[in-house]
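Architecture at a glance
The lines below spell out each chain.
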Amino acid sequence: LKESLEMKDAEIAQLGTKLLERRDEEVHKKLESIKEETANEVTMLKESLRKKTEEMDALEERLSATKMLETQVLTNERGDLVGEVANFKTKLEEKAIEFDQIKISIAEEADLKEKMELALRAKEVLMVEVSKLKAKLYDKNDLIEDL
């Protein structure tokens, strides 16, 4: 009976070790997958942010040029330019709306990036917790083996 119990204890220890190894592999694969997905998403966000920044810079240049042109036109006393200025102002307002939309989009992307960084931090915390659980399991396995 004692030998049978010892054999069963040994089998249980082996099964526990195998289960732990499988869980470790699964957790590692999932974490690597999450890490890769996060890195890809961060790269895409950075590229998107870069493009939006370029668009914003271009719009700012247009806005500056538009304001300079508006100043020149207003100082010009020709009555036929007044209608063109009104049309140009309308276009400028449309561009300002687009500019505001781009700013909002950039802010949303920055918020998403911040959330991604929080997810990465949470992943690191989970990895620490997994390590602690592994240590506890190893300790319990050692106790089982001692018994």
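Here, every reference points to the structure presented above.
This report concerns the structure included in the present document. (Residues numbered from 1 in each chain as written. Predicted model: local features only at pLDDT ≥ 70, side-chain atom pairs only at ≥ 80, totals over all residues. Heavy atoms only, no water.)

So, the overall build of the protein chain
Within the protein chain one finds two helices and zero strands. Relative to the 2.2 N^0.38 estimate, which gives 15 Å for 147 residues, the radius of gyration of the protein chain is 32 Å and therefore markedly larger than a compact globule would have. The principal-axis extent of the C-alpha atoms belonging to the protein chain is close to 110 × 15 × 15 Å. Partitioning the contacts of the protein chain with sequence separation of at least 6, the portion at a separation of at least 24 is 88%. Per element, the accessible surface of the protein chain, about 11,900 Å² overall, is 57% carbon and sulfur. Side chains of the protein chain give 27 positive and 37 negative charges; the mean places of these two sets differ by 1 Å. (Helix = DSSP H or I, 4+ residues; strand = E, 2+ residues; numbered from the N terminus. Rg over C-alpha atoms; globule rule 2.2 N^0.38 Å. Contact = heavy atoms within 4.5 Å. Areas by Shrake-Rupley, 256 points an atom, 1.4 Å probe, with all protein chains shown as cover. Lys, Arg positive; Asp, Glu negative; His and termini not counted. Charge placed at Lys NZ, Arg CZ, Asp CG, Glu CD.)

Overview of the pattern of salt bridges
Under the defined criterion, the tally for this structure stands at six salt bridges. Linking Glu54 and Arg50 is a salt bridge whose minimum nitrogen-to-oxygen distance equals 2.4 Å. Taken as a pair, Glu54 and Arg50 lie in helix H1 (residues 2-75) at a separation of four residues, close to a single helical turn. Using a relative accessible area of 37% as the deciding quantity, one classes Arg50 as partly exposed. (Salt bridge = Lys/Arg side-chain N within 4 Å of Asp/Glu carboxyl O. Buried < 20%, exposed > 50% of the residue type's maximum accessible area, 1.4 Å probe, protein only.)

Details of the side chain of Lys123
The residue Lys123 is located in helix H2 (residues 80-146) in this model. Look at Lys123: it is buried, it has no salt bridge, and the nearest opposite charge is Glu32 at 6.0 Å. Not counting the four nearest positions on each side in its chain, Lys123 is found in contact with Leu31, Ile34 and Lys35.

Some remarks on the side chain of Thr66
Summarising the element assignment, Thr66 is placed in helix H1. Given a relative accessible area of 9%, Thr66 falls into the buried group. Here Arg62 takes part through its backbone oxygen, which lies 2.6 Å from a polar atom of the side chain of Thr66. (Polar contact = N/O pair within 3.5 Å; in protein donor to acceptor, adjacent residues only side chain to side chain.)

Comments concerning the environment of Ala135
Position of Ala135 among the secondary structure elements: in helix H2. Judged by relative accessible area, which is 38%, Ala135 ranks as partly exposed. Considering only alpha carbons, one finds Ala135 and Lys35, 100 residues apart in sequence, at a separation of 24 Å.

Details of the nonpolar core
With five residues, the main nonpolar core is built from Met56, Leu59, Phe99, Ile102 and Ile106. Mapped onto this core, the elements with two or more residues apiece are H1 and H2. With three residues, the single largest contributor to this core is H2. Discounting residues that sit within four places of it in the chain, Leu59 has contacts with Lys95, Phe99 and Ile102. (Core = buried A, V, L, I, M, F, W, Y, C linked by side-chain atoms within 4.5 Å.)

Some remarks on the layout of surface pockets
By volume, the largest pocket amounts to about 240 Å³. If you trace the largest pocket, you find it lined by Leu20, Arg23, Asp24, Glu26, Val27, Lys30, Val130, Leu133, Lys134, Lys136, Leu137 and Lys140. If you list the elements that add at least two residues to the lining of the largest pocket, you get H1 and H2. Residue composition of the lining of the largest pocket, by class: five nonpolar, no polar and seven charged. (1 Å grid on protein atoms, 1.4 Å probe; cavity = no way out; pocket = protein on both sides within 12 Å on 5 of 7 lines; lining within 4 Å. Points joined across faces, edges and corners; volume = space filled by probe spheres on them. Nonpolar A, V, L, I, M, F, W, Y, C, P; charged D, E, K, R; others polar.)

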